[in-house]
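Remarks on the overall topology
One letter stands for each residue in the lines below.
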Amino acid sequence: MAILGATGAVGREFVRLVHERNFPISVLRLLASDRSAGKTITFRGSEIPVLSTAESSFDGVQIAFFSAGSQASKRWAPVALQKGAFVIDNSSAFRMEPGVPLVIPEVNWHQVRDEDRLFPVGNCTAILLVMAVAPLRKFGKLRRLVVSTYQSASGAGARAMRELEEQTRSLAEGRTPVAEVFPYPIAGNLFSHNTPINEYGYNEEEWKVIQEARKTLEMPDLALEVTCVRVPVLRAHSLSVNVEFEGPAPSEAAVREAYEAAPGIALVDDRESNRFPMPMLAAGKDDVLVGRIRRDYTNPNAVSIFVCGDQLRKGAALNGIQIAERLVAESRMPVGA
Ligand code: A2P
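Since the structure is predicted, the reported quantities are computational estimates derived from the model, not experimental observations. Each residue is numbered by its place in its chain's sequence as written, counting from 1. Since the coordinates come from a predicted model, pLDDT governs what is reported: local features require at least 70, and pairs of side-chain atoms require 80 or more to be given and counted, while whole-chain, interface and lining totals use all residues. Based on all heavy atoms of the structure, the side-chain values leave hydrogens and waters out of the count.

The method is simple in principle: a probe with the dimensions of a water molecule rolls over the atoms, and the space it marks as empty is what remains. Of the two site types, the cavity is a set of points on a 1 Å grid over the protein atoms alone where a 1.4 Å probe fits but cannot get out, and the pocket is an open set with protein on both sides within 12 Å along at least five of seven lines, each lined by residues with an atom within 4 Å of a point. Grid points are joined across faces, edges and corners, and a volume is the space filled by probe spheres set on the points. A complete count under the given rule lists 1 cavity of 30 Å³ or more for this structure. Each pocket or cavity is described by its volume, and for the largest cavity that value is around 40 Å³. By the criteria applied, helices consist of DSSP H or I runs no shorter than four residues and strands consist of E runs no shorter than two, each listed in order from the N terminus. Looking at the lining of the largest cavity, the elements that each hand over two or more residues are helix H4 (124-133) and helix H6 (204-216). By residue number, the principal contributor to the lining of the largest cavity is H4, which donates 3 residues. Residue classes follow a fixed rule: Ala, Val, Leu, Ile, Met, Phe, Trp, Tyr, Cys and Pro count as nonpolar, while Asp, Glu, Lys and Arg count as charged, and any other residue, Gly among them, counts as polar. Its residues placed into classes, the lining of the largest cavity shows 6 nonpolar, 3 polar and 1 charged. The domain boundaries here were taken from an automatic or database domain assignment. Taken domain by domain, the lining of the largest cavity gets at least three of its residues from each of domain 1 (2-122 + 316-329) and domain 2 (126-311).

Following this line, the structure appears as structure tokens:
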């Protein structure tokens, strides 16, 4: 196995998951940019060197996980594929390509065909949204989703997480926070997602969520209205979601029951103690947390929910390793060769 972007926030999480989940590998090759050559990462008790990436990096690799950004994916995915590897790619480079499956194993594994070797992992916010909405499809056709997000620093990578920590220290010590990775101070602040705005007035993140949710849910015409906001949370994204059906909305009890039965979802919905999904409950966890379940009193066809999920886990590395595990379980990848 090769991990490209091994020194990054998602790459490191992937290394941890390979260990935790005892994924069957014989050799792990850790790859990053020239900047990281000479660093090591601990894996199963050994210090593994981080190598700079070259054509030969993918020789003999059966499965490659990429999380080094779109440019690196576009450069190296064709090389790895040509050398016979399965590629699981956490960047946006190939997600919307027709014929390339965009899978969340719990939701749409049936879209995978025998010949597929390239598996993009969806945008982290889109994955969390789809995980929370998919179990509701049995209550009738979805008409429209209205989504507001509260996105953590982890979505912008390891340097952004360090920037939030550093700025938080600055605030506590009465110093002015200095922004380098994000365009504005993130500690003690929040701002519209730091991606360019397109011709329709949506930022790139909002547009990804709209397009990718439609693809994964196989609903090309689904109406989605999305606002993405960056908040001073270290890891785990949150989403407020209003789900409108074509017909009458299900009861709160039916929605709860659907979530209790849904794989990868944990219900956190305790009205008495006002305890609902929070980033601190979701961070480091595999399950996507769902709660605040209520009928929308302004619309008999709609329910509202609140969702939190670890952006580095289900939003990225966990979804990636679950794809790898399915490939192994289906004997599509010889193990330990
Ligand atoms: P490096 O640490 O050497 O810069 P994050 O998303 O947390 O910012 O991490 C990005 C990851 O992608 C890092 O491991 C980074 O390595 C790696 N990376 C960035 N650009 C390249 C590149 N051109 N080739 C290989 N790895 C890259």
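Take a side-chain nitrogen of Lys or Arg and a carboxyl oxygen of Asp or Glu: if they are within 4 Å of each other, that pair is a salt bridge. Taken as a whole and assessed by the stated rule, the structure comprises 20 salt bridges. Measuring nitrogen to oxygen at the nearest pair gives 2.8 Å for the salt bridge that ties glutamate 325 to arginine 21. Within this pair, whereas glutamate 325 is found in helix H9 (residues 313-329), its partner arginine 21 is found in the loop between helix H1 (9-20) and strand E2 (29-32), the two being separated by 304 residues in sequence. Of the residues examined, glutamate 325 reaches a relative accessible area of 24% and is grouped as partly exposed. Among the salt bridges present, the one from glutamate 246 reaches lysine 141, with a minimum N-O distance of 3.9 Å. On the criterion of sequence distance, the pair formed by glutamate 246 in the loop between strand E11 (237-245) and helix H7 (252-261) and lysine 141 in the loop between H4 and strand E8 (142-151) is long-range, its members being 105 residues apart. Each residue gets one of three labels from its accessible area relative to the maximum for its type: buried under 20%, exposed over 50%, partly exposed in between, using a 1.4 Å probe on protein chains only.

By the bridge criterion, 8 bridges tie E8 to E11 in an arrangement that is antiparallel. For valine 147, the partnering residue across the bridge sits in E11 and is valine 241. A strand pair is defined by DSSP finding two or more bridges across the two strands.

So, about the layout of surface pockets. There is about 1400 Å³ of room inside the largest pocket. As for the largest pocket, its lining consists of 50 residues, and the residues nearest its centre are Ser67, Ala68, Gly69, Ala156 and Gly157. Residue assignment for the lining of the largest pocket shows that the elements contributing at least two residues are H1, E2, helix H2 (70-82), helix H5 (158-172), H6 and H9. In terms of residue count, H5 provides more of the lining of the largest pocket than any other element does, 5 residues in total. Of the residues that constitute the lining of the largest pocket, the class distribution is 16 nonpolar, 25 polar and 9 charged. Taken together, domain 1 (2-122 + 316-329) and domain 2 (126-311) each give at least three residues to the lining of the largest pocket, which thus spans both.

A word on the packing of H4 against H6. Two elements in contact, H4 and H6, have axes separated by 8 Å at closest approach and are oriented at 45°. Classified by the interaxial angle, the pair formed by H4 and H6 is oblique. Two packed elements cross with a definite hand, and for H4 against H6 that hand is right-handed. Contacts between H4 and H6 pair Thr125, Ala126, Leu129 and Val130 from the former with Glu205, Val209, Glu212, Ala213 and Thr216 from the latter. Partitioning the contact of H4 with H6 into residue classes produces 5 nonpolar, 2 polar and 2 charged. All axes here are fitted lines through C-alpha atoms, helices being fitted over the stretch that makes contact, and every angle between N-to-C directions spans 0 to 180 degrees. Any angle between 65 and 115 degrees counts as roughly perpendicular, while under 35 counts as roughly parallel, over 145 as roughly antiparallel, and the rest as oblique. Each crossing is labelled by how the near helix is turned from the far one, with a counterclockwise turn of less than a right angle marking it left-handed and a clockwise turn marking it right-handed. Two residues qualify as a contact provided that any one of their heavy atoms is within 4.5 Å of a heavy atom in the partner residue.

It is worth spelling out the nonpolar core at this point. Here, the term nonpolar core denotes a set of buried Ala, Val, Leu, Ile, Met, Phe, Trp, Tyr and Cys residues that are joined through side-chain atoms within 4.5 Å. Formed by 82 residues in total, the largest nonpolar core has its most connected members in Met1, Ile3, Leu30, Leu129, Val241, Val243 and Tyr259. For this core, the domains that each give at least three residues are domain 1 (2-122 + 316-329) and domain 2 (126-311). Sequence-distant contacts of isoleucine 3, defined by excluding residues within four places in its chain, comprise Gly11, Phe14, Val15, Leu28, Arg29, Leu30, Leu31 and Phe65. If you look at the next biggest cluster of nonpolar residues, it comprises 17 residues, including Leu4, Trp76, Ala80 and Ala85.

Attention shifts here to the domain arrangement of the chain. Accessible area lost on assembly of the parts is the figure often given for the size of an interface. The domain architecture assigned to the chain consists of domain 1 (2-122 + 316-329) and domain 2 (126-311). Look at where the C-alpha atoms of domain 1 and domain 2 centre, and you get two points 25 Å apart. In this complex, domain 1 contributes 20 residues to the contact, which on the side of domain 2 involves 19 residues. Here domain 1 packs against domain 2, burying approximately 1700 Å² in sum over the two surfaces, 59% of which is carbon and sulfur. Throughout, the accessible surface (probe 1.4 Å) given up by two parts as they are put together, summed over both, is called the buried area. Per-residue buried area on domain 1 facing domain 2 is highest for Met96, Ile104 and Val107; these three make up 28% of the total on that side. Scanning the region where domain 1 abuts domain 2 turns up 3 salt bridges. Here arginine 21 and aspartate 286 are joined by a salt bridge, their closest N and O atoms 3.6 Å apart. Counting residues per element, the ones that place at least two in the side of domain 1 that touches domain 2 are H1, helix H3 (105-108) and H9.

With that settled, the discussion passes to the site of the ligand. Neighbouring residues are identified by heavy atoms, a residue being near a molecule or strand if any of them is within 4 Å of it. Around the ligand, a shell composed of 15 residues is seen, among which Thr7, Ser33, Arg35, Ser36 and Ala158 lie nearest. Counted as a polar contact is a pair of N or O atoms within 3.5 Å, where, for protein atoms, one must be capable of donating a hydrogen and the other of accepting one, and residues adjacent in sequence contribute only when both atoms are in side chains. A distance of 2.5 Å is found between an oxygen atom of the ligand and a side-chain nitrogen or oxygen belonging to threonine 7. In the environment of the ligand, an oxygen atom lies 2.6 Å from a nitrogen or oxygen atom belonging to the side chain of serine 33. Note that accessible areas follow from Shrake-Rupley with a 1.4 Å probe, and for residues the cover is restricted to the protein chains shown. Compared with its free state, where it exposes 570 Å², the ligand has 70% of that area covered by protein. Any molecule with more than half of its atoms within 2 Å of a cavity's or pocket's grid points is counted as sitting in it. Under a 2 Å grid-point criterion requiring more than half of the atoms, the pocket assigned to the ligand is the largest pocket. Classifying every residue of the shell around the ligand by side-chain character gives 6 nonpolar, 8 polar and 1 charged.

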